[in-house]
Amino acid sequence: MTYAITQTCCSDATCVAVCPVNCIHPTPEERAFGSTEMLYIDPRSCIDCGACADACPVDAIFPVDSLSGSQQEYAAINATYFEDQVPQPAGDSPNFHVWGAPEFKRVLPADFAPIRVAIVGTGPAGMYAAQDLLLHTGAEVTLVDRLPVAGGLVRYGVAPDHPATKKAGDAFARFHMHPRVRMHLGVEVGKDVTAEELAAHHDAVIYAVGASFDRRLGIPGEDLPGSISATAFVAWYNAHPEVAADAVDLSAERVIVVGNGNVALDVARILVSDPETLAGTDIADHALAALRAGKVREVVLLGRRGPSDAAYTRSELLALKHLPGVELVVDDHDPRIGAGITGAGPKDKAADLKGVTRRAVDWSLPPAPGRRIVFRFHSAPSEVLGEDTVRAVRTTGTPEAREIPAGMLMRAVGYRGAPIAGLPFDEATGTVPHENGRVTGMPGTYVVGWIKRGPSGGIGANRTCAAETVGTLLSDAVDGALPAPARPAKAFQRLVRSRNRQVVDASGLAAIERAEVARGRREGRPRVKLATVAELVKSARSGRRLLPR
């Protein structure tokens with residue numbers, strides 16, 4: 001028996017570190033790491049020890065003979081990755097995959113003194129950086145977030161029907177109450193405190209603020225009512241406190257989603273899923289009610305390139321193929337589409353569309369009965385039509401200038417970072433200029449995650465990104481290049497609370513967690529999220545228990 005990695009793989013390589021026979025690839029030392037959709041287990045060299053499954057933070061690894069339903073396909077997906085490799089023992093070792101030479105990229109002196117580091121942002125990037133510092137140094141860490149609850153992308157970016165992916169948050173949560181951590185939630189840098197004040201109280205500051213804005217299409221009619229960003233929709237169904245409960249209108253029968261990345265597939269799946277299935281998740285109450293009352297029956301995914309070049313991962317497409325009660329259709333409007341699918345090899349993602357219904361869709365007709373998702377490749381929006389609201393979208397493709405009637409347009413063409421007060425910013429890339437994580441021209445200031453590298457990679461990609469940034473920071477500390485803090489540690493807490501009386505600390509965060517889980521238990525759900533700042537702050541205060549320090 002062998003193990004296989006499945007859909008929820010986060011690629012943070014925790015599994016690689018514990019494998020005794022080096023059978024999980026690509027590893028962080030290999031060039032392909034970060035460019036593959038997931039990690040893979042070589043079935044010919046796996047020894048069935050289960051160490052990888054025990055270490056996986058998102059429950060993505062299972063014995064092949066226990067895979068059921070849609071997960072069975074992952075046995076072949078893992079094996080296919082290694083099919084061009086002929087297994088040969090590595091020298092005098094019984095292993096089929098050669099171990100690389102050990103590397104010690106960090107060497108800290110024995111007398112390395114603890115440093116104070118502030119991390120702005122409590123999503124995966126920030127928490128991987130915190131984990132690195134807390135586990136490998138004696139650093140004191142200050143966690144700052146503008147929202148009154150921690151989690152970032154894990155809480156507000158992961159679809160509610162992907163509960164295993166959300167488990168990454170459990171691994172991070174153990175550091176919230178770490179004795180060397182101080183937490184200040186609901187504090188916005190640039191509003192409550194300045195970047196200069198934050199730096200004055202710490203040896204170093206790491207910004208992990210992500211890329212929370214959406215990219216625009218730049219076409220006429222884009223700002224009509226009924227045209228929204230996938231960013232807003234994802235935040236809405238995840239109960240983000242900055243998105244109103246009534247921000248999304250689901251009265252249209254057909255929705256057009258521009259883009260075919262994983263976010264586009266996420267929003268399409270949520271729009272056509274059975275609301276009663278979603279009722280068992282942590283989806284926002286207002287979103288569940290709107291989906292139950294909504295009229296959406298068809299989602300059209302517009303992709304400007306062909307099926308072989310689609311931006312989604314194979315695992316997300318496979319999940320769509322097994323969505324109960326939902327038909328998948330490929331609009332066969334262009335001869336390149338059928339040729340690309342038919343001629344696709346086993347490693348080509350277009351091969352996963354074999355067996356999916358292919359036909360030229362008559363867009364003059366209303367959506368057919370039932371629920372379906374239509375892939376329209378080699379097509380892009382050129383204009384949004386309508387007066388008081390979206391009526392149709394004019395697209396490129398064959399036939400040219402085709403108008404597709406729709407009552408909603410959702411753009412899912414990527415995220416973009418926003419400027420941070422007091423830091424340099426590159427408008428072209430939407431990132432902060434840096435060198436290996438060190439902010440250009442600002443000693444003691446660092447970046448990690450999407451604000452550092454742009455909106456690429458999932459949760460696990462932030463682990464290697466954080467390792468690079470923390471490594472740079474520690475190297476600067478050893479070289480004496482960090483500016484000494486001008487104020488004592490406790491002075492920052494006094495400063496923050498003098499500016500903002502609604503700060504949530506670790507005990508308040510624990511109170512929010514208890515309240516949401518208790519509400520979920522009463523309704524048979526994992527949790528029921530508090531959806532406004534007022535609710536979160538009130539819960540943090542009313543359920544607060546003093547934590548040992």
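Quick caveat, the model's predicted, so the values are computed rather than measured.

J.: Explanation requested: the overall build of the chain in the structure shown.
T.: Within the chain, the secondary structure is distributed over 19 helices and 23 strands. Based on the C-alpha atoms only, the size of the chain along its principal axes is roughly 70 × 65 × 50 Å. Residues counted as buried form 53% of the 549 residues belonging to the chain. In the chain, the proportion of contacts linking residues at least 24 apart, taken out of those at least 6 apart, comes to 75%. Counting only carbon and sulfur atoms, one obtains 53% of the accessible surface of the chain, whose full area is about 23800 Å². Each charge class in the chain was averaged separately, 60 positive and 63 negative side chains, and the resulting centres sit 5 Å apart.

J.: Help me understand the side chain of Thr8, please; the structure alone is not making it clear to me.
T.: By the element assignment, Thr8 lies in the loop between β1 (3–5) and α1 (14–18). From its side chain, Thr8 meets the backbone oxygen of Val58 in a polar contact 3.3 Å long.

J.: What exactly am I supposed to notice about the pattern of salt bridges here?
T.: Should their charged atoms come close, side chains of opposite charge can pair. Scanning the entire structure with this criterion turns up 36 salt bridges. Notably, a salt bridge pairs Arg416 with Glu427, separated by 3.0 Å at the nearest N-O pair. With Arg416 in strand β20 (residues 415–416) and Glu427 in the loop between β20 and β21 (434–435), this pair connects stretches of sequence that are 11 residues apart. On the basis of relative accessible area, Glu427 is assigned to the exposed category, the value being 53%. Here Arg527 and Glu516 are joined by a salt bridge, their closest N and O atoms 2.8 Å apart. Note that Arg527 is positioned in the loop between α18 (506–523) and α19 (533–542) and Glu516 in helix α18, a separation of 11 residues in sequence. Both residues of the pair, Arg527 and Glu516, count as buried. Each of Asp214, Arg216, Glu222, Asp223 and Arg411 takes part in salt bridges that share partners, so that together they form one network.

J.: Before we go on, may I ask you to explain helix α9 (residues 230–237) in this structure?
T.: Residues spaced three or four apart along an α-helix face the same direction, because each turn holds 3.6 residues. Buried residues dominate α9, accounting for 7 of its 8 residues. Of the positions making up α9, those classed as buried are Ala230, Thr231, Phe233, Val234, Ala235, Trp236 and Tyr237.

J.: Looking at this model, I keep getting lost on the environment of Gly508. Mind explaining?
T.: Secondary-structure assignment places Gly508 in helix α18. For Gly508, a relative accessible area of 2% gives the class buried.

J.: Looking at this structure, I do not really get the sheet that holds strand β18 (residues 402–405). What am I missing?
T.: Paired through their backbone hydrogen bonds, the strands of a sheet run either parallel or antiparallel. What the 3 strands build is an open sheet, ordered β16-β17-β18; its pairing is antiparallel. The open sheet is flanked by β16 (381–385) and β18, the only strands paired with a single partner. Going from strand to strand, the sheet's axes swing by 25° on average, the running direction of each strand aside. Note: strand β17 (residues 392–395) against β18, 4 bridges, orientation antiparallel. Its bridge partner lying in β18, Thr395 is registered against Arg402.

J.: Whenever I open this one, unusual backbone geometry confuses me. Can you help?
T.: The omega angle of the peptide bond from His25 to Pro26 is -5°, so this bond is cis rather than trans. Here Pro26 shows up in the loop between β2 (24–25) and β3 (40–41). Positive phi is not limited to glycine here, since Ala239 has a value of about 65°. In this fold, Ala239 is placed in the loop between α9 and β11 (254–258). Classification of Ala239 as buried rests on a relative accessible area of 0%. Positive phi, close to 55°, is recorded for Asn436, a residue that is not glycine. Considering the arrangement of structural elements, one finds Asn436 in the loop between β21 and β22 (438–439). Note on Asn436: relative accessible area 41%, which makes it partly exposed.

J.: In this structure, what is going on with the side chain of His378? I would like to understand it.
T.: On the secondary structure map, His378 appears in the loop between β15 (371–376) and β16. Apart from the residues lying within four places of it in its own chain, the contact partners of His378 are Gly303, Arg304, Arg305, Gly306, His333, Asp334, Arg336, Ile337, Thr396 and Gly397.

J.: What am I meant to see in the packing of aromatic side chains here?
T.: For any pair of aromatic rings, geometry is given as the distance between the ring centres together with the angle between the planes. This structure, assessed with the given rule, holds 8 aromatic pairs. Seen from their ring centres, Phe233 and Trp236 are 5.5 Å apart, and the 25° between their planes marks the pair as stacked. On the criterion of helical spacing, the pair formed by Phe233 and Trp236 is a turn pair, its members being 3 residues apart in helix α9. Looking at Phe233, the relative accessible area reads 0%, which means it is buried. A ring pair is formed by Phe233 and Tyr237, whose centres lie 5.2 Å apart and whose planes are at 90°; its orientation type is edge-to-face. Residue Phe233 and its partner Tyr237 are both found in helix α9; the two are separated by 4 residues, about one turn of the helix. Each member of the pair, Phe233 as well as Tyr237, carries the same accessibility label: buried.

J.: Which parts of the structure should I look at to understand the sheet that holds strand β13 (residues 326–331)?
T.: Overall, parallel pairing links the 7 strands, which are arranged β10-β19-β11-β12-β15-β13-β14 in an open sheet. The open sheet has two edge strands with one neighbour each: β10 (227–229) and β14 (357–359). Strand-to-strand twist in this sheet, taken as the mean axis angle between neighbours without regard to direction, amounts to 25°. On the sheet, α9 packs against β10 and β19 (408–411) and is oriented at approximately 70° with respect to β10.

J.: Would you explain the nonpolar core in this entry?
T.: Nonpolar side chains in soluble globular proteins tend to end up buried together. Of all hydrophobic cores here, the largest spans 71 residues; its most connected members are Ile24, Leu39, Ile41, Ile119, Leu133, Ile206 and Leu473. Once you skip the residues sitting within four places of it in the chain, Ile206 turns out to touch Val117, Ala118, Ile119, Val120, Ala129, Leu133, Tyr446, Val448, Thr469 and Leu473. Within the second largest apolar cluster, 50 residues are counted, among which are Ala230, Leu317, Leu323 and Val330.

J.: I would appreciate a short explanation of the pairing of β16 in the present structure.
T.: In summary, the side chains of a regular strand alternate between the two faces of the sheet. Inspection of the sheet shows β16 paired to β17 by 4 bridges, in the antiparallel sense. Looking at the pairing, Val384 lines up with Val393 of β17. In sequence, β16 turns back onto β17 through a hairpin of 6 residues, with Gly386 there showing a positive phi of about 150°.

J.: In this structure, what is going on with helix α3 (residues 73–81)? I would like to understand it.
T.: What α3 keeps buried is the set Tyr74, Ile77, Asn78 and Thr80. For α3, the angular spread of the buried residues around the axis is 165°, confining them to a single face. Buried residues belonging to α3 abut β1, β3 and α13 (314–321).

Calculation criteria
- Residues numbered from 1 in each chain as written.
- Predicted model: local features only at pLDDT ≥ 70, side-chain atom pairs only at ≥ 80, totals over all residues.
- Heavy atoms only, no water.
- Helix = DSSP H or I, 4+ residues; strand = E, 2+ residues; numbered from the N terminus.
- Buried < 20%, exposed > 50% of the residue type's maximum accessible area, 1.4 Å probe, protein only.
- Contact = heavy atoms within 4.5 Å.
- Areas by Shrake-Rupley, 256 points an atom, 1.4 Å probe, with all protein chains shown as cover.
- Lys, Arg positive; Asp, Glu negative; His and termini not counted.
- Charge placed at Lys NZ, Arg CZ, Asp CG, Glu CD.
- Polar contact = N/O pair within 3.5 Å; in protein donor to acceptor, adjacent residues only side chain to side chain.
- Salt bridge = Lys/Arg side-chain N within 4 Å of Asp/Glu carboxyl O.
- Pairing = 2+ DSSP bridges.
- Axes fitted to C-alpha atoms, helices over the stretch in contact; angles between N-to-C directions.
- Phe/Tyr/Trp six-rings, centres within 6.5 Å; stacked < 30°, edge-to-face > 60°.
- Core = buried A, V, L, I, M, F, W, Y, C linked by side-chain atoms within 4.5 Å.
- Arc of directions from axis to C-beta.

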